[in-house]
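If you want the building blocks of each chain, they are given just below.
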Amino acid sequence: MRAFICGLKGLSLDAEERAFLRDAAPWGVILFRRNVDTREQVARLTADLRDALGRHAPVLVDQEGGRVQRLNTPNWRAYPSAARFEAAGADEDRAARLAWLGARLMAHDLREVGIDVDCLPVLDVPAEGSHAIISDRAYSRDPARAAKIGRAAAEGLMAGGVAPVMKHIPGHGRAKADSHLELPVVDAPRSELEAVDFPPFTANADLPMAMSAHVVYTAIDRTAPGTQSKTVVGEIIRGLIGFDGLLMTDDLSMKALTGSFRERAERAIAAGCDMVLHCNGDLAEAAPVAEGAPLLSGKALERAEKALACVREIEAFDIAASLAEFEAAMAVA
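Anyway, here's the lowdown on the structure attached to this text. Predicted model only: the values in this text are computed from it and were never measured.

1. Some points on the layout of surface pockets
Then, number 1: Of the pockets and cavities examined, the largest pocket occupies roughly 370 Å³.
Then, number 2: Taken together, 20 residues form the lining of the largest pocket, with F32, D62, R70, H180 and D251 sitting closest to its centre.
Then, number 3: In terms of residue class, the lining of the largest pocket is made up of eight nonpolar, four polar and eight charged.
Then, number 4: Volume-wise, the second largest pocket comes out at about 210 Å³.
Then, number 5: Taken together, 14 residues form the lining of the second largest pocket, with D206, P208, D244, G245 and K306 sitting closest to its centre.
Then, number 6: Ranked by residues supplied to the lining of the second largest pocket, first place goes to helix α11 (residues 298-309) with five residues.
Then, number 7: Taken together, the residues that form the lining of the second largest pocket break down as seven nonpolar, one polar and six charged.

2. Observations concerning the packing of helix α1 (residues 15-24) against helix α2 (residues 39-53)
Then, number 1: At a minimum axis separation of 8 Å, α1 and α2 run at an interaxial angle of 50°. As summarised for this structure, α1 and α2 are arranged oblique, according to the angle between their axes. Crossing of α1 over α2 shows right-handed handedness. Taking contact as the criterion, the partners of R18, L21 and R22 in α1 are, on α2, D48, L49, D51, A52 and L53.
Then, number 2: Of the residues assigned to the contact of α1 with α2, the class counts are four nonpolar, no polar and four charged.

3. Digging into the state of the cysteines
Then, number 1: Per the stated rule, a full pass over the model turns up zero disulfides.
Then, number 2: For C6, which is in no disulfide, the shortest distance to another cysteine sulfur is to C279 and amounts to 9.5 Å.

4. Let's talk about the sheet that holds strand β9 (residues 209-212)
Then, number 1: One closed barrel holds the eight strands; their spatial order is β1-β2-β3-β6-β7-β9-β11-β12, and the pairing between them is parallel.
Then, number 2: Against the sheet, α1 touches β1 (2-7) and β2 (26-31), its axis set at about 165° to β1.
Then, number 3: Here α2 sits on the sheet in contact with β2 and β3 (59-61), set at roughly 165° to β2.

5. Looking at α2
Three or four residues apart is the spacing at which side chains of an α-helix point the same way, because the helix has 3.6 residues per turn.
Then, number 1: In this model α2 runs 21 Å from its N-terminal to its C-terminal C-alpha over 15 residues, within 8% of the 21 Å that 1.5 Å per residue would give.
Then, number 2: Within α2, the full set of buried residues consists of Q41, V42, L45, T46, L49, R50, A52 and L53. Each buried residue of α2 lies within a common arc of 165° when the element is viewed along its axis, so the set occupies one face. Seen from the buried face of α2, the exposed residues on the opposite side, beyond 90 degrees, are E40 and D51.
Then, number 3: With its phi angle positive at about 75°, G54 sits one or two positions after the end of α2.

6. Regarding the pairing of strand β11 (residues 246-251)
Then, number 1: With six of its six residues buried, β11 lies for the most part within the structure.
Then, number 2: In this sheet, strand β12 (residues 275-278) lies alongside β11 in parallel orientation, the contact comprising two bridges. For D251, the partnering residue across the bridge sits in β12 and is L277.
Then, number 3: Of the crossover connections in this fold, the one passing from β11 over helix α9 (residues 261-271) to the parallel β12 is right-handed.

7. What about empty space enclosed by the protein?
Then, number 1: One pass over the structure, following the stated rule, counts three cavities of 30 Å³ or more.
Then, number 2: Ranked by residues supplied to the lining of the largest cavity, first place goes to helix α4 (residues 92-112) with four residues.
Then, number 3: Looking at side-chain class alone, the lining of the largest cavity contains eleven nonpolar, two polar and one charged residues.

8. Focus: the environment of F4
Then, number 1: As for its placement among the helices and strands, F4 is situated in strand β1.
Then, number 2: The spatial distance from the C-alpha of F4 to the C-alpha of E291 is 9.8 Å, given a sequence separation of 287 residues.
Then, number 3: Ignoring sequence-local partners within four residues, the contact set of F4 consists of F20, A24, A25, P26, W27, G28, M275, V276, A286, V289, A290 and A293.

9. Re the packing of α9 against helix α10 (residues 283-292)
Then, number 1: Contact geometry of α9 with α10 gives a least axis separation of 7 Å together with a crossing angle of 35°. Like other packed secondary-structure pairs, α9 and α10 cross with a definite hand, here right-handed. In this structure, α9 contributes F261, R262, A265, E266 and I269 to the contact, and α10 contributes E285, P288, V289, E291 and G292.
Then, number 2: Residue composition of the contact of α9 with α10, grouped by class: five nonpolar, one polar and four charged.

10. Some remarks on α11
Then, number 1: Over its twelve residues, α11 extends 17 Å from the first C-alpha to the last, a length consistent with the 16 Å expected when each residue adds 1.5 Å.
Then, number 2: Residues of α11 that are buried: A300, R303, A304 and A307. Projected onto a plane normal to the axis of α11, the buried residues spread over an arc of 100° and lie on a single side. Across α11 from its buried face, at more than 90 degrees, point the exposed residues E305, K306 and A309.
Then, number 3: Structurally, α11 contributes buried residues whose contacts are with β2, β7 (163-169), β9, α8 (230-240) and β11.

11. With respect to the packing of aromatic side chains
Then, number 1: Under the definition given, this model contains four aromatic pairs.
Then, number 2: Arranged with centres 6.3 Å apart and planes meeting at 80°, the rings of F4 and F20 form a pair that is edge-to-face. Here F4, found in strand β1, pairs with F20, found in helix α1; they are 16 residues apart in sequence, far enough to count as distant.
Then, number 3: Ring centres 6.2 Å apart and planes at 70° place the aromatic pair W100 and F317 in the edge-to-face group. Residue W100 is found in helix α4, and its partner F317 is found in the loop between α11 and α12 (319-331); the two are separated by 217 residues along the sequence.
Then, number 4: For the cation-ring pair, R104 lies above F317, with the distance from its terminal atom to the ring centre recorded as 4.0 Å.
Then, number 5: Stacked on the ring of F261, the Lys or Arg R264 has its end atom at 4.5 Å from the ring centre.

Each value, and the rule that gives it
Each chain carries its own residue numbering, running from 1 in the direction its sequence is written. Where local features are concerned, this predicted model is filtered to residues with pLDDT of at least 70; where side-chain atom pairs are given and counted, the filter is 80 or more; whole-chain, interface and lining totals use all residues. Heavy atoms throughout the structure, all of them, feed into the side-chain values; hydrogens and water do not. Site definitions follow a grid-based scheme: protein atoms alone, a 1 Å grid, a 1.4 Å probe that fits but cannot get out for cavities, and for pockets an open set with protein on both sides within 12 Å along at least five of seven lines, plus lining residues having an atom within 4 Å of a point. Grid points are joined across faces, edges and corners, and a volume is the space filled by probe spheres set on the points. We call Asp, Glu, Lys and Arg charged. Ala, Val, Leu, Ile, Met, Phe, Trp, Tyr, Cys and Pro are nonpolar, and the rest, Gly among them, are polar. Where helices and strands are cited, they refer to DSSP runs of H or I of at least four residues and of E of at least two residues respectively, numbered from the N terminus. The axes used here are C-alpha line fits, helices contributing only the stretch in contact, and every angle between their N-to-C directions lies in the interval 0 to 180 degrees. Any angle between 65 and 115 degrees counts as roughly perpendicular, while under 35 counts as roughly parallel, over 145 as roughly antiparallel, and the rest as oblique. We call a crossing left-handed when the near helix sits turned anticlockwise from the far one by less than a right angle, and right-handed when that turn is clockwise. Contacts were defined at the residue level, with two residues in contact if any of their heavy atoms lie within 4.5 Å. Only a pair of cysteine sulfur atoms within 2.5 Å counts as a disulfide in this structure description. We treat two strands as partners when DSSP finds at least two bridges between them. A helix is expected to span 1.5 Å for every residue after the first. A 1.4 Å probe rolled over the protein chains alone gives each residue an accessible area, and that area as a share of the maximum for its type sets the label: buried under 20%, exposed over 50%, partly exposed in between. Picture the helix axis, draw a direction to every C-beta atom, and the arc is the one those directions span. By convention, orient the strands away from the viewer: a clockwise path from the first strand over the helix to the second makes the crossover right-handed. Centres within 6.5 Å make a pair out of two Phe, Tyr or Trp rings, where for Trp the six-membered ring is used; the pair is then stacked when the planes are under 30 degrees apart, edge-to-face when over 60, and tilted otherwise. Two limits define a charge over a ring: the Lys NZ or Arg CZ must be within 6 Å of the ring centre, and within 35 degrees of the ring normal.

Printed below as a string of structure tokens:
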């Protein structure tokens, strides 16, 4: 089992993908819209990929609501963006309750089709003038409120048997570029980062998993994005923020990063990331990522096992009543 997560090409596995999964042995697989049609199809796909891997591997998805929702209408309900919870809540306790409900309902949807990890909550704090790639995916522009509402979402997922992945640690909210397309460079002084960007992650440092940010923070390391920076990972994420859970990279195929795909993976692992992520399903890229990812062992393996063990037994949940409460509250937001 290697320290990487890969994507798939389509709605079902072909022979080439089955062979790749068997031979490359990724820790888990992440699904996107191209992999999603009906409930029956997704359930069949998650079962098939686990059969190909020969174990109950984690299956991940980015199911945030709003603009980022891989399981979508008409076969699944549409969920609001993170920012709408703050707008809908009369106070932060009410906003947190709504975020918990939304995440708990999403967890039900995900577990029903064999997905057990959701890349949520987004704990970035958008800054004035930043790129719209985060914007309404964030819970609040106030760090304390973002921390509390985001925590509620994570708790809702775990109550429904789904492990959360907080992102994008240590913060993507100031970026003035989309890291899918280019490398963002943040020039804010460290004092501002410590006052605004880092606190939501610090408050949630006990969560099981986090996803790194492909962002250069010039006050910390002028030479490398956070994903590939020993200083950002060691001094900030592991040190100042205090996160000791499983740290995975954001997608290595994003244009913020340079170098061969093997080099991208090796640099992230050398910086201190536990797991590398490659999403687009292109096996010509995924194969060198697998080559650059080590066998999962030592502290990284401990973190991976602990991350999946964090999920509680699924708690009793009145779906109909909860959905009615959620929809009534969000309808007036």
